[in-house]
Amino acid sequence: TPAYFFAKVAADMPLCFVSIFALWAPFAAIFVTPMAPGDLFVALWLLNIFGYFSGYFISFFLPYRYCGLAAVAWSVWWGILFCGITLSMHSASQLKFLFYISPCFWFMNAYFNASTYHPYKRVREGRAKGEAYFMGVTRYASSYSLLVNFSSSLGWLILINFCLLFLDLWIITTTNVHKKK
C-alpha cells in the first residue's frame, strides 16, 4: 500500500543520511578540492537517495537473494557506463536519453562544475585576473557534455529521484509485488 511504502521511505531516510555522512566525512577530511564540503555532501546524499530508491525498484522484481547481484549490475550500468566520463554523450549520441536519466551523469556534471570548471575557468585575483586558468577546461567540459551548472545538475538529480520514487510507488500499488515470496 502507499502508506507502507512511504513509511518504508521515511524509515530509510535517516539511515541514508547516516550512511552518506560516514562516506562523506573521511572523504571531505582527506580530499583536497575547491568544492565546498556542504556541496559535496548534498550531491553525494542525492546520489545515495537514488541508490535507495533503486534498491526498492530492484526488490520489487527479484527475489531477495538476487537483489545484491542485480544492484551491482544496476550500479555499473548507471555509474560506469552512463556517468558521462567512460562513455561520452557525444560518442554515444543514440543513447543520449540514457545519459539524461542517469543520476551519475548529473552528479558528475555537478562535481565537475563545482570542483573544476567554476573555480578554474578564470583567474579570480592578481595580475592575471579574468584570464583563463588553462585553456582546456572549457574544451573538456564541452567534449564530455559537462556544461550544466552545479545547482541545475542537482535539480536534475532531484527530479530523477522523484520520478523513480513515483515509479516505485506505481509498481507497488498496481502490481502484486507485495505478495511475492
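Worth saying up front: this structure is predicted, and the values here are computed from it rather than measured.

Draft legend 1. Highlighting the overall build of the protein. For the protein, the count of helices and strands is seven helices and zero strands. When burial is assessed residue by residue, the protein has 36% of its 181 residues classed as buried. Taking the contacts inside the protein whose residues are at least 6 apart along the sequence as the reference set, 65% of them involve residues at least 24 apart. Surface exposure of the protein reaches about 10700 Å², of which carbon and sulfur atoms provide 70%.

Draft legend 2. Quick look at a nonpolar patch on the surface. A surface patch of nonpolar side chains, amounting to about 410 Å² of accessible area, comprises V72, V76, W77, I80 and L81. Looking at the secondary structure, you find V76 in helix α3 (residues 64-81). For V76, a relative accessible area of 37% gives the class partly exposed.

Draft legend 3. Representation of the pattern of salt bridges within the structure. Inspection of every chain in the model, using the stated rule, returns one salt bridge. Residues K8 and D12 are paired through a salt bridge, measuring 3.3 Å at the closest nitrogen-oxygen approach. With K8 and D12 both in helix α1 (residues 2-30), this residue pair falls four residues apart, about one helical turn. Judged by relative accessible area, K8 falls into the partly exposed class, the value being 35%. D12 gets classed as buried once you look at its relative accessible area, which sits at 10%.

Draft legend 4. Quick peek at the packing of aromatic side chains. Scanning the entire structure with this criterion turns up 19 aromatic pairs. With 5.5 Å between their ring centres and 40° between their planes, F57 and W74 make a pair best called tilted. In this pair, F57 is assigned in helix α2 (residues 37-61) and W74 in helix α3, connecting sequence segments 17 residues apart. A residue is classified by how much of its surface remains accessible, and F57, at 17% relative accessible area, is buried. Take W74: its relative accessible area is 23%, and that puts it in the partly exposed class.

Draft legend 5. Representation of the packing of α2 against α3. Where α2 meets α3, the axes come as close as 10 Å, and the angle between the chain directions of the two elements is 130°. As summarised for this structure, α2 and α3 are arranged oblique, according to the angle between their axes. Helix-helix and strand crossings are classified by hand; for α2 and α3 the assignment is right-handed. For the pair α2 and α3, the contacting residues are F50, S54, F57, I58 and S59 in the first and C67, A70, A71, W74 and W78 in the second. In terms of residue class, the contact of α2 with α3 is built from eight nonpolar, two polar and no charged.

Parameters and conventions
- Sequence positions are assigned chain by chain, starting from 1 and proceeding in written order.
- It should be noted that, the model being predicted, local features are given only for residues of pLDDT at least 70 and side-chain atom pairs only at 80 or more, the latter also being counted only at that level, while totals for whole chains, interfaces and linings use all residues.
- Side-chain metrics in this entry use all non-hydrogen atoms of the structure; hydrogen atoms and water are not considered.
- Helical segments are the DSSP runs of H or I of at least four residues, strand segments are the runs of E of at least two, and each set is numbered from the N terminus.
- Here's how the labels work: a residue is buried when its accessible area is under 20% of the maximum for its type, exposed when over 50%, partly exposed in between, all with a 1.4 Å probe on protein chains only.
- Should any heavy atoms of two residues lie within 4.5 Å, those residues are considered in contact.
- Surface accessibility follows the Shrake-Rupley procedure with a 1.4 Å probe radius. Residue values consider only the protein chains on display as shielding.
- Candidates for patches are residues over 30% relative accessible area with no salt bridge; among them, like charges are joined within 9 Å and nonpolar side chains (Val, Leu, Ile, Met, Phe, Trp, Tyr) within 5 Å.
- Salt bridges are defined by distance alone: a side-chain nitrogen of Lys or Arg within 4 Å of a carboxyl oxygen of Asp or Glu.
- For this analysis, a ring pair means two rings from Phe, Tyr or Trp (six-membered ring only for Trp) whose centres lie within 6.5 Å, classed as stacked if their planes differ by under 30 degrees, edge-to-face if by over 60, and tilted for the remaining angles.
- Lines are fitted to the C-alpha atoms to define the axes, a helix being fitted only along its stretch in contact, and any angle between axes, read from their N-to-C directions, falls within 0 to 180 degrees.
- Every angle not falling under 35 degrees, over 145, or within 65 to 115 is termed oblique; those three ranges are roughly parallel, roughly antiparallel and roughly perpendicular.
- Left-handed is the label given to a crossing in which the near helix is rotated counterclockwise from the far helix by less than a right angle, and right-handed is the label when the rotation is clockwise.
- Amino acids are sorted into nonpolar (Ala, Val, Leu, Ile, Met, Phe, Trp, Tyr, Cys and Pro), charged (Asp, Glu, Lys and Arg) and polar (every other residue, Gly among them).

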